[in-house]
Amino acid sequence: MSQSPLAQYTGRYFLNRMVPRDPNEHGRAASMLELFFDLVFVVAILFAGSELHHALTHGHVMAGVLNYALVMFYIWWAWMNFTWFASSFDTDDWLYRLLVIIQMSGVLVIAGNMHTIFDGDPVPGLIGYLIMRFAQVLQWLRASRTPGSTRKTALIYTAGITLVQAGWAVMSLNHIQWLIPVLILAELSVPVIAERAGGTPWHGHHLSERYGLLGLIVMGESLRAAALAFQEASQTPDAALALYGVGAMAIAISAGMWWIYFWPPHHHSINQSNFWGTLRYGYLHYFIFATIAAFAAGVEVISDTIAHKNHVGEAYAGLSLSIPVGLFILAVWFVVIRDYAPMAINLAMPAVGLVTMVQGFLPFSMIAVAMTVTLLVATLVMYRPLDYNRSHAKAEARLEP
């Protein structure tokens, strides 16, 4: 097993040289700092889901979904950038830790101002985002000081992130809303340009573990929603049975989503030889994480509807749950299952995802969704993921002209 950078390098001011990590390092796992870093995302995603629940309950569907999509982009993009950087350059010295804590502070600034973002003022939350991103710039500056093949890539990251953050500042100061999609596209372009210029030595097993851990954290929000349904049942005797049913169905659907997500071998989806496949895995996880958290908000909308705490219709409440679950199934199939699934699964999952999305129109829609997810899990149990070499050959065949 390779020694940690802390054991290999020491320098002035109790700092270590920020050298690239070994992408084939044996036994590489999430560090305690990375796990600590993830804790702030529990808070931020909880606040985002709560605000989405509030918006849906009051019928502000379009504004609520758009604001939710924006704040989830802030949260996910900052998490993803740090995660990939840490997989390549984790020095674990005091300056590295301090900059990570500053990034964590930025996440909490976003969480604390979540309500203002959903009220139509993105500036306070954007301040937290800028804090996170400029701390990341300082990390890349440190990485660029080390000679070698990653120096050019680190400099491109430094320049690219800085320019885009300047664009966010201009947008916020002048309230130019149409710049938001342009800046999001620019953010997404920086890693593509930088990695194609030279690349960084990220660790596939480490990254797949990190994505899985964040997925578990986000799934915890739906379990919280189930617990809230049980709590509501104890306070609303006339609807207790229905609310206990909501809690039970929420647990069943959450367990099914966990089963579906972890069915394939994730670590093979990230490898240095398949840039676009890795990019698909890294970027499109946004939809997986966003739909899991949105499902939790849907559970709360249904609970409130049963407890007569809102005045939305049954179909509206059902769709607030069925659409996120259906989109989750489609996203997981496309991002992590498609290349490792036999034909039967590749035919079934897209159909199941589409059917699930419209089940909100049915009476007792949550039961229908839970039954559909359970049947999908039972189908997956009957099949095994394809061998990696076979699935890799299949993916390469699709890329051939």
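Residues numbered from 1 in each chain as written. Predicted model: local features only at pLDDT ≥ 70, side-chain atom pairs only at ≥ 80, totals over all residues. Heavy atoms only, no water.

### A short note on the pattern of salt bridges
The cut-off we apply is this: Basic side-chain nitrogens of Lys or Arg form a salt bridge, by our definition, when they fall within 4 Å of a carboxyl oxygen of Asp or Glu. The way it works is that DSSP assigns letters per residue, a run of H or I at least four long becomes a helix, a run of E at least two long becomes a strand, and they are numbered from the N terminus. Throughout, exposure labels follow a simple rule: accessible area from a 1.4 Å probe, protein chains only, divided by the maximum for the residue type, with under 20% read as buried, over 50% as exposed, and the rest as partly exposed.
Using the criterion set out here, one finds 9 salt bridges in the structure. For Glu 232, the salt bridge identified is with Lys 309, shortest N-O distance 2.8 Å. Pair noted here: Glu 232 is in helix H9 (residues 204-235) and Lys 309 is in the loop between helix H11 (275-306) and helix H12 (314-337), with a separation of 77 residues, a long-range link. In this structure, Arg 280 engages Asp 339 in a salt bridge whose closest nitrogen and oxygen atoms are separated by 2.8 Å. Here Asp 339 lies in the loop between H12 and helix H13 (343-358) and Arg 280 lies in helix H11, a separation of 59 residues in the sequence. In this pair, the class of Arg 280 matches that of Asp 339, namely buried.

### Examining the nonpolar core
Let me state the cut-off plainly: The nonpolar core is taken to be a set of buried Ala, Val, Leu, Ile, Met, Phe, Trp, Tyr and Cys residues, with the residues joined through side-chain atoms within 4.5 Å. Contacts are assigned to residue pairs with any non-hydrogen atoms lying within 4.5 Å of each other.
In this structure, Trp 168, Ile 253, Ile 260 and Ile 337 are the most contacted members of the largest nonpolar core, which totals 113 residues. Among all residues touching Trp 168, those that are not within four sequence positions of it are Phe 73, Tyr 74, Leu 126, Tyr 129, Leu 130, Ile 180, Leu 183, Ile 184 and Glu 187. Formed by 5 residues, the second largest nonpolar core is a distinct cluster that contains Ala 233, Ala 240, Leu 243 and Ala 307.

### What about the side chain of Asp 38?
The condition is simple: Pairs of N or O atoms are called polar contacts if they sit within 3.5 Å, as long as, within protein, a hydrogen donor faces a hydrogen acceptor (for residues adjacent in sequence, only side-chain-to-side-chain pairs).
Along the chain, the position of Asp 38 falls in helix H2 (residues 32-57). At 3.0 Å, the side chain of Asp 38 and the side chain of Trp 79 are in polar contact. Here Asp 38 is in contact with Trp 79, Arg 210, Leu 213 and Ile 217, once residues within four sequence places are set aside.

### Examining the packing of H9 against helix H10 (residues 240-261)
Two measures define how a pair of helices packs: the angle their axes make with one another and the distance between the axes. Under the convention used in this document: Axis lines are fitted through C-alpha atoms, for helices just across the contact stretch, and the angle between N-to-C directions can take any value from 0 to 180 degrees. Each angle gets one of four labels, with under 35 degrees taken as roughly parallel, over 145 as roughly antiparallel, 65 to 115 as roughly perpendicular, and the rest as oblique. Under the scheme applied here, ten amino acids are nonpolar (Ala, Val, Leu, Ile, Met, Phe, Trp, Tyr, Cys and Pro), four are charged (Asp, Glu, Lys and Arg), and all others, including Gly, are polar.
Where H9 contacts H10, the two axes come as close as 7 Å, and the packing angle between them is 170°. It follows from the interaxial angle that H9 and H10 lie roughly antiparallel. Here Tyr 211, Gly 212, Leu 216, Met 219, Ser 222, Leu 223, Ala 226, Ala 229, Phe 230, Glu 232 and Ala 233 of H9 come into contact with H10, specifically with Ala 240, Leu 243, Tyr 244, Val 246, Gly 247, Ala 248, Ala 250, Ile 251, Ser 254, Met 257, Trp 258 and Tyr 261. Counted by class, the contact of H9 with H10 contains 18 nonpolar, 4 polar and 1 charged residues.

### Some points on helix H3 (residues 61-88)
Our working rule: Expected helix span is computed as 1.5 Å times (number of residues minus one).
Taking 1.5 Å as the rise per residue, H3 with 28 residues should run 40 Å; its terminal C-alpha atoms sit 40 Å apart, in good agreement. Extensive coverage of H3 is indicated by the burial of 22 of its 28 residues.

### Focus: a nonpolar patch on the surface
Heads up, the condition is: Patch membership needs two things, relative accessible area over 30% and no salt bridge, and members are linked within 9 Å if like-charged or within 5 Å if nonpolar (Val, Leu, Ile, Met, Phe, Trp, Tyr). Methods summary: accessible areas were calculated by the Shrake-Rupley approach with a probe of 1.4 Å, and residue burial reflects only the protein chains presented.
On the surface, Phe 14, Trp 94, Leu 98, Ile 102, Ile 127 and Ile 131 cluster together to form a nonpolar patch covering roughly 610 Å² of accessible area. Broken down by element, the residue count for the nonpolar patch peaks at 3 residues, all from helix H4 (residues 94-112). Tracing the backbone shows Leu 98 in helix H4.

### So, the environment of Ala 197
Mapped onto the secondary structure, Ala 197 falls in helix H8 (residues 179-197). Linking Ala 197 and Ala 86, residues 111 residues apart in sequence, is a C-alpha distance of 19 Å. Leaving out residues up to four positions away in the same chain, Ala 197 has contacts with Lys 152, Thr 153 and Ile 156.

### A few points about the confidence of the model for the chain
Interpretation of the predicted coordinates at a detailed level should be avoided for regions scoring low in pLDDT. We count it as follows: Predictor confidence is given residue by residue as pLDDT, running from a minimum of 0 to a maximum of 100.
Looking at the chain, the pLDDT average stands at 88 and 93% of residues meet or exceed 70. Note that residues 1-9 has pLDDT below 50 and, in this model, 14 contacts with residues that lie over four places away or in other chains.

### A short note on the side chain of Thr 305
Within the element layout of this structure, Thr 305 appears in helix H11. Among the polar contacts listed, one links the side chain of Thr 305 to the backbone oxygen of Val 301, at a separation of 2.8 Å. Setting aside chain neighbours within four positions, we find Thr 305 in contact with Asn 310, Val 312 and Ala 317.

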